[in-house]
Amino acid sequence: MKFINDIEFLLFFGTVMALILIAFIIMIVILYRRSQLKILLERQRFQQSILETEVEIQEQTLHNISRDLHDNFGQIASLIKINLNLLSKDQSEIDENRISESKDLLTKLIGDIKVLSSSLAAENLAKQGLDKRIESDLERVRRTGAIEVDFLANYEDQGLKPEETVFLYRIFQEILNNALKHSQASRFEVHLESSAAEFSMKFTDNGIGIKADKLQSKNRGLSGNGLINIRERCEMMDAQCIINSKPNAGTQISIRISKS
Amino acid sequence: MISTSFPPWYPGMLAALVSPGYLFYYLILLSGSIYGYTKFNRLSRAFKFLVILVSLITISETISRILAYTITLTVPVYHFLIPLQIIGYTLIFKELFLSKNIQKAIIGIGFFVLITSISKSIVSGLGSFPSLNITVLSLQLILSSLYLFYQIVQNPTERNIFNISQFWLAVGTLVFYAGTFTIFTLSEYIILKGYQMPEWKEPLLTILNYILYGSYFVSFYLESRNPQAEHEIHK
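Everything numeric in this text was worked out from a predicted model, so none of it was measured.

A. Main features of the interface of chain B and chain A. Facing the 13 residues of chain B at the interface are 14 residues of chain A. Secondary structure elements with two or more residues in the side of chain B that touches chain A: helix 6 (131-154) and helix 7 (165-193) of chain B. Per-element tally for the side of chain B that touches chain A: the top contributor is helix 7 of chain B, with six residues. Taken together, the residues that form the side of chain B that touches chain A break down as eleven nonpolar, one polar and one charged.

Following this line, the structure appears as structure tokens:
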């Protein structure tokens with residue numbers, strides 16, 4: 001390139017300098033965006049690891065409670081029952097009736113401890129199957145007569161990881177607990193469905209619904225951590241969680257997870 | 001001298017004092033200073049220094065206009081202004097930089113530039129244009145703004161870069177002083193070769209001034225809106 005004179009060269013030089021300056025500022029913006037993304041990813045990873053630790057601690061606590069219930073309270077209840085059986089037969093009729101009633105109550109208590117212990121322990125969940133465990137819990141609720149329960153399972157093989165099964169079961173427990181404690185519902189439906197690609201759980205109740213502020217809240221308060229727990233567990237599994245609720249129109253919760 | 005190329009709507013009285021371009025530049029400076037003082041308590045230390053510096057520049061421009069129409073010489077003002085600018089910018093960047101070593105370095109550079117500038121003014125006298133002083137100040141500020149960019153990239157926040165006050169401070173400073181440095185270096189070359197000074201020099205400097213003080217105005221606005229968030233991440 002031949003320049004007519006020095007002034008043209010200077011003009012050319014000035015323009016190049018200006019272009020370099022603009023390119024430099026654009027580069028700074030791009031680098032900043034990259035840096036921002038990197039930090040965002042690191043923060044997400046950190047939050048994920050906190051969540052995982054929290055869940056791990058929760059599971060360990062539940063496991064300990066379950067073991068104590070089974071080994072300690074269950075055993076004590078069994079011993080009381082044996083002692084009652086060993087009582088001499090020469091009792092008054094009133095005392096006989098009281099002993100018999102106590103034995104029945106103890107049998108119920110031992111049964112409840114077993115069920116509670118097994119619902120808290122997650123180790124055999126994958127083996128037993130999520131559907132069987134949910135069905136058994138719902139059956140127990142149905143027997144109490146507190147709420148009308150409908151269960152529909154439409155799948156053969158779940159194909160889920162053991163930890164995903166535990167998470168899904170904990171989500172089910174949270175939703176069931178909410179329905180029993182807060183919803184004032186008379187009917188609760190659970191629908192499990194599985195295809196080759198994904199697994200889904202749908203829960204429907206006809207209760208009073210969840211207040212909009214609670215539904216949208218992302219902060220843990222003194223009460224109402226259930227929804228946050230559900231969302232956090234879904235986030236950890238990379239599952240989709242949709243909660244629809246309107247005042248006095250019940251609540252529908254849908255969880256979808258892709259099978260890996 | 002009154003330029004005949006002024007637009008017809010420009011008042012004749014005003015044309016006798018300043019050109020429309022200069023008036024616009026002066027208004028940017030003045031509004032920047034006023035806005036900065038109205039939000040002064042909400043600004044961080046660095047931006048408080050910047051407000052003071054911009055207001056000093058506004059005062060010096062006012063004095064230079066008065067001198068232009070009394071003794072027809074504005075140059076002496078710049079001999080006093082440049083040392084103030086060197087001190088001001090050194091304090092600003094010292095406040096903005098996070099590394100203690102870089103803070104010490106910027107104070108050292110500032111001191112060196114200040115001594116060079118004062119010596120040059122003493123040697124050349126107040127009547128000559130302080131182009132070397134501007135060149136060394138430009139070098140100091142180019143380096144400082146480049147490091148500020150580096151610091152911004154290394155310490156990202158959740159905010160968009162265009163909403164960060166320090167980004168606009170760095171953009172304005174880099175564009176203006178890189179431009180000024182190039183123009184003054186080229187001017188020296190043109191003078192040396194005996195060519196006529198190109199006509200675009202003055203308008204280009206005016207445009208660079210718009211960019212500089214416009215960017216500072218934006219940075220005052222952003223800093224006054226959310227000064228805390230930015231410093232939380234950096235400290």
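Still to come is the rest of the account.
B. Highlighting the sheet that holds strand 4 (residues 240-245) of chain A. Residue and element names in this part refer to chain A. The strand order across the open sheet formed by five strands is 1-2-3-5-4, and the pairing between neighbours is mixed. Only two strands of the sheet have a single partner each, and these edge strands are strand 1 (148-154) and strand 4. Neighbouring strand axes in the sheet, compared pairwise and without regard to direction, differ in orientation by 10° on average. As judged from the six bridges shared by strand 4 and strand 5 (residues 251-258), these two strands associate in the antiparallel manner. Bridge pairing in strand 5 links Cys-241 to Ile-255. In the packing of helix 4 (residues 130-144) onto the sheet, the strands contacted are strand 1 and strand 2 (187-194), and the crossing angle to strand 1 comes to about 165°. Running over the sheet, helix 5 (residues 162-181) touches strand 2, strand 3 (198-205) and strand 5 and is turned about 10° from strand 3.

C. Expanded view of the nonpolar core. In terms of nonpolar packing, the biggest core is built from 51 residues, with Leu50(B), Val54(B), Ile92(B), Ala170(B) and Tyr216(B) touching the most fellow members. Where this core is concerned, the elements lending two or more residues are helix 1 (6-86) of chain A together with helix 2 (20-38), helix 3 (45-68), helix 4 (75-96), helix 5 (100-124), helix 6, helix 7 and helix 8 (201-225) of chain B. Take this core: its biggest share by element is ten residues, from helix 7 of chain B. Ignoring sequence-local partners within four residues, the contact set of Ala170(B) consists of Ser145(B), Leu148(B), Phe149(B) and Ile152(B). Judged by nonpolar contacts, the second largest core, of 28 residues, contains Ala179(A), Val190(A), Leu192(A) and Met237(A).

D. View of the environment of Leu21(A). Relative to the assigned elements, Leu21(A) resides in helix 1. On the neighbour-count criterion, Leu21(A) (16 C-beta atoms within 10 Å) is partly exposed. Residues in contact with Leu21(A), not counting those within four places in the same chain, are Val175(B) and Ala178(B).

E. Fine view of the environment of Ile134(B). Residues and elements named next belong to chain B. For Ile-134, the location among the structural elements is in helix 6. Taking the C-alpha atoms as reference points, Ile-134 and Phe-184, 50 residues apart in sequence, are found 8.3 Å from one another. Among all residues touching Ile-134, those that are not within four sequence positions of it are Ile-82, Thr-180 and Phe-184.

What counts and how
Sequence order as written defines residue numbering, which begins from 1 separately in each chain. To label them, take the chains in the order written and letter them from A, then take the ligands in the order written and number them from 1. The model is predicted, so local features are restricted to residues of pLDDT at least 70 and side-chain atom pairs to those at 80 or more, both for listing and for counting; the totals for chains, interfaces and linings are taken over all residues. Contacts here follow a simple rule: the backbone-placed C-beta atoms of the two residues must lie within 7 Å. Each helix corresponds to a stretch of at least 4 residues labelled H or I by DSSP, and each strand to a stretch of at least 2 residues labelled E; elements are numbered beginning at the N terminus. Charged residues are taken to be Asp, Glu, Lys and Arg, nonpolar residues to be Ala, Val, Leu, Ile, Met, Phe, Trp, Tyr, Cys and Pro, and polar residues to be all remaining types, Gly included. A pair of strands is considered paired only if DSSP assigns at least 2 bridges between the two. The axes used here are C-alpha line fits, helices contributing only the stretch in contact, and every angle between their N-to-C directions lies in the interval 0 to 180 degrees. The term nonpolar core refers to a set of buried Ala, Val, Leu, Ile, Met, Phe, Trp, Tyr and Cys residues connected through C-beta atoms within 7 Å. Partly exposed residues are those whose C-beta has more than 12 but fewer than 20 other C-beta atoms within 10 Å; with 20 or more the residue is buried, with 12 or fewer it is exposed, and the C-beta atoms are placed from the backbone.

These figures come from the coordinates and say nothing about function on their own.
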